[in-house]
Amino acid sequence: MALFLLAALPAGSAAAADARNGREIAGRWCAECHAVAEGERGSDAAPSLPQIARDRGADARWLRAWLVAPHPPMPNLDLSRSDVDDLVAYLERLAR
């Protein structure tokens, strides 16, 4: 029964997520195309992560879905649940 209750909870926990690690993951996986922070440059075709964060606000469900099943031409990042939670925490921080 406890396992069922845990599975019903939303993915990740804001308290457990590490926005600093999310920034590092973004630098490793996203920086080739997206500006990862304010004042940085990405490709002309990709929106900056701060812009995505502002447009989506703290919509963690949308952000998680986007990271787990990215659209082409984004690569399949095959991120762990923990990495996704950390990236979402970083994007939520950018939204503020």
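What this report covers is the structure whose coordinates are included nearby. (Residues numbered from 1 in each chain as written. Predicted model: local features only at pLDDT ≥ 70, side-chain atom pairs only at ≥ 80, totals over all residues. Heavy atoms only, no water.)

### Some words on the overall build of the protein chain
Keep this limit in mind: Secondary structure elements are defined from DSSP: runs of H or I of at least 4 residues count as helices, runs of E of at least 2 residues count as strands, and each element is numbered from the N terminus. Per-residue accessibility, obtained with a 1.4 Å probe over protein chains only, is compared with the maximum for each type, and a residue is labelled buried under 20%, exposed over 50%, and partly exposed between these values. We call two residues contacting when some pair of their heavy atoms lies within 4.5 Å.
Tallying secondary structure elements over the protein chain gives five helices and zero strands in all. Sequence-ordered secondary structure for the protein chain, helices as α and strands as β, is α-α-α-α-α. Looking at the 96 residues of the protein chain, the share that counts as buried comes to 36%. In the protein chain, the share of contacts with a sequence separation of at least 24, taken over all contacts with a separation of at least 6, comes to 53%.

### Observations regarding the pattern of salt bridges
So the rule is basically this: The rule for a salt bridge is simple: a side-chain nitrogen of Lys or Arg has to be within 4 Å of a carboxyl oxygen of Asp or Glu.
For the coordinates displayed, the defined rule picks out three salt bridges. A salt bridge links Arg23 to Glu40, with the shortest nitrogen-to-oxygen separation between them at 2.9 Å. Here Arg23, found in helix 2 (residues 19–29), pairs with Glu40, found in the loop between helix 2 and helix 3 (49–56); they are 17 residues apart in sequence, far enough to count as distant. Using a relative accessible area of 29% as the deciding quantity, one classes Arg23 as partly exposed.

### What about the packing of helix 4 (residues 60–68) against helix 5 (residues 81–95)?
How we decide: Note on geometry: axes are C-alpha line fits, over the in-contact stretch for helices, and angles between N-to-C directions span 0 to 180 degrees. If an angle is under 35 degrees, it is roughly parallel; if it is over 145, roughly antiparallel; if it lies from 65 to 115, roughly perpendicular; otherwise it is oblique. Two helices crossing with the near one rotated counterclockwise from the far one by less than a right angle form a left-handed crossing, whereas a clockwise rotation gives a right-handed crossing. Classification convention: Asp, Glu, Lys, Arg as charged; Ala, Val, Leu, Ile, Met, Phe, Trp, Tyr, Cys, Pro as nonpolar; all other residues, Gly among them, as polar.
The contact between helix 4 and helix 5 brings their axes to 10 Å, and the two run at 130 degrees. By the criterion of interaxial angle, the relationship of helix 4 to helix 5 is oblique. For the pair helix 4 and helix 5, the crossing hand works out as right-handed. Residue-level contacts link Ala60, Leu63, Arg64, Trp66, Leu67 and Val68 of helix 4 to Val84, Asp85, Leu87, Val88, Leu91 and Glu92 of helix 5. For the contact of helix 4 with helix 5, a count of residues per class yields nine nonpolar, no polar and three charged.

Any functional reading would require information that these geometric values do not contain.
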